[in-house]
Amino acid sequence: MRLSKGALLVVIAVLVPFVVEFRTALSWFGITLSVLETGVVGLAVVIALLAWAMWPQEDGAAMESHRSD
């Protein structure tokens, strides 16, 4: 796991106001999102974050062999 469970929880908690403010920023450009669409965008970001966090890291030896190629 790339992040600890506590760090992952903090990042997800910070994403909530970010998604809401992103909706506000888009409205400045004439793009309106409904509450449902905002929720879908937020859920997609959280799922992508969870997928990245759960993806196994490469160990140092494997990375060294990639660098020598």
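Just above sits the structure.
Residues numbered from 1 in each chain as written. Predicted model: local features only at pLDDT ≥ 70, side-chain atom pairs only at ≥ 80, totals over all residues. Heavy atoms only, no water.

Peer 1: Would you explain the nonpolar core in this entry?
Peer 2: Most often, soluble globular proteins have nonpolar side chains that are buried together. Counting 5 residues, the largest nonpolar core is built from Leu8, Leu15, Val46, Leu49 and Ala53. Listing elements by their share of this core, those giving two or more residues are helix H1 (5–28) and helix H2 (35–54). It is H2 that contributes the most residues to this core, 3 residues altogether. What Leu15 contacts, discounting residues up to four positions off in sequence, is Val45, Val46 and Leu49. (Core = buried A, V, L, I, M, F, W, Y, C linked by side-chain atoms within 4.5 Å. Buried < 20%, exposed > 50% of the residue type's maximum accessible area, 1.4 Å probe, protein only. Helix = DSSP H or I, 4+ residues; strand = E, 2+ residues; numbered from the N terminus. Contact = heavy atoms within 4.5 Å.)

Peer 1: It is not clear to me how the packing of aromatic side chains should be interpreted in this structure. Could you clarify?
Peer 2: Two numbers describe a pair of aromatic rings. These are the distance of the centres and the angle of the planes. Under the definition given, this model contains 1 aromatic pair. Relative to Phe22, the ring of Phe18 has its centre 6.5 Å away and its plane inclined at 20 degrees; by these criteria the two rings are stacked. Residue Phe18 and its partner Phe22 are both found in helix H1; the two are separated by 4 residues, about one turn of the helix. A relative accessible area of 38% places Phe22 in the partly exposed class. (Phe/Tyr/Trp six-rings, centres within 6.5 Å; stacked < 30°, edge-to-face > 60°.)

Peer 1: I would appreciate a short explanation of the side chain of Thr38 in the present structure.
Peer 2: With respect to the secondary-structure elements, Thr38 resides in helix H2. With relative accessibility at 10%, the residue Thr38 sits in the buried group. The residues touching Thr38, leaving out its near neighbours within four places in the chain, are Val19, Arg23 and Leu33.

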